[in-house]
Each structure stands twice: as C-alpha cells, then as structure tokens.
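# What the coordinates show
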Amino acid sequence: MDADHPENGVLIPCRNTRRSNTVDATEAAEHDRKIRKAAIEISVPRGVPLMVVSTAVERRGDDTWLEIQTDRGGVAVLLERHSATLQEAGQAHFGRLTTACGVRALDDSSELHGKLFMIVGDTIAGLVEMDAA
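Source: prediction; values computed, not measured.

Right, let's get into the nonpolar core. The biggest cluster of nonpolar side chains holds 18 residues, and the ones touching the most others in it are Ile-68, Val-75, Leu-97, Phe-117 and Ile-124. When contributions to this core are tallied by element, the ones reaching two or more residues are strand E2 (50–60), strand E3 (63–70), strand E4 (73–80), helix H2 (84–100) and strand E5 (116–120). In terms of nonpolar packing, the next biggest core, distinct from the first, is built from seven residues, Ala-39, Ala-76, Leu-78 and Ala-89 among them.

The structure is reproduced here in structure tokens:
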C-alpha cells in the first residue's frame, strides 16, 4: 500500500530504496574491512620493503597467530580462530604473505626468513605489486 494514500490500494516503492541499498552496501564493506583488519596486526611502515628476520607460531587464548619479526618491526597474521569469518580473513593475509615471499608450500615458518614483502594498505603485498600500483 502507498503509505501516503492507503486508500488507493496500490503499492508504490519507497523513494529511499536505492539510498538504503547503498547504505547497506557501504555498511557491509566497512564490516568486511574491519574483519580483515582484525586478522592482521601491523607495526611496520607501509610501502617499503620488509625482510623477514624471524617467525614464530604463537597461541593467544584460543587463537593461533604467525608472529613475523622484520628488519623494520613486527607483523602478526591470524591463522586459526573459532570464528570462521576471521580465520578466513587471516588465511587470506597468510596466502598473500606466502605469495609475496615466493613460497608455494610452507612446511615451516622459518622458510620465510630472509624473504621480502611489504605492507600496502591493510594487507601484505609483494614488491612487484607495489611497483605496479
């Protein structure tokens, strides 16, 4: 029914439908961004090459994180969590890390030692990706 004229018996779409969908999409994108950011901790400068100096897999409560010490600070990536959504976000960061470092199958985190990557935005990228941006 038309909210302004219910006696017409005609259903007229709300004029704010497009705006509502835009707001919903914006809120969903913001929610996704927050999840991605919750699955990585960055304490290094962005946009500069970083060399992996050491790594450790650590438990934090029920979560498992890959702690990466670089020549310019630390990065931590969430590997396992009870929340599937957060774990998937962490695994996406981890996948970008291994790709950036040129490691296809990682058996031990020490295989990352001496490898280069960088932080672009709120995630990990390879040096070639930075050159293209």
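To continue, consider the pairing of E2. Sheet analysis places E2 next to E5, joined by two bridges and oriented antiparallel. When the bridges of E5 are listed, Met-51 appears paired with Leu-116. Across eight bridges, the pairing between E2 and E3 is antiparallel. Opposite Val-57, over in E3, you have Leu-66 as the bridge partner. As consecutive antiparallel partners, E2 and E3 are separated by two residues, and within that stretch Gly-61 has a phi angle of approximately 65°, a positive value.

The next thing to look at is the pattern of salt bridges. What the rule picks out here adds up to four salt bridges. One salt bridge in this structure joins Arg-60 and Glu-67, with 2.4 Å as the shortest N-O distance. You can call Arg-60 partly exposed: its relative accessible area is 28%. As a salt-bridge pair, Asp-63 and Arg-81 come within 3.6 Å of each other at their nearest N and O atoms. In this pair, Asp-63 sits in strand E3 while Arg-81 sits in the loop between E4 and H2, placing the two residues 18 residues apart along the sequence. Taking relative accessible area as the criterion, Arg-81 reaches 33% and is therefore assigned partly exposed. Linked through salt bridges whose partners overlap, the residues forming this network are Glu-41, Arg-60 and Glu-67.

Along the chain, Leu-86 falls in helix H2. The exposure class assigned to Leu-86 is buried, which follows from its relative accessible area of 14%. A C-alpha to C-alpha distance of 9.5 Å links Leu-86 and Lys-37, two positions 49 residues apart in sequence. Setting aside chain neighbours within four positions, we find Leu-86 in contact with Ile-35, Ala-38, Ala-39, Leu-78 and Arg-81.

Criteria and cut-off values
- Residues numbered from 1 in each chain as written.
- Predicted model: local features only at pLDDT ≥ 70, side-chain atom pairs only at ≥ 80, totals over all residues.
- Heavy atoms only, no water.
- Core = buried A, V, L, I, M, F, W, Y, C linked by side-chain atoms within 4.5 Å.
- Buried < 20%, exposed > 50% of the residue type's maximum accessible area, 1.4 Å probe, protein only.
- Helix = DSSP H or I, 4+ residues; strand = E, 2+ residues; numbered from the N terminus.
- Pairing = 2+ DSSP bridges.
- Salt bridge = Lys/Arg side-chain N within 4 Å of Asp/Glu carboxyl O.
- Contact = heavy atoms within 4.5 Å.

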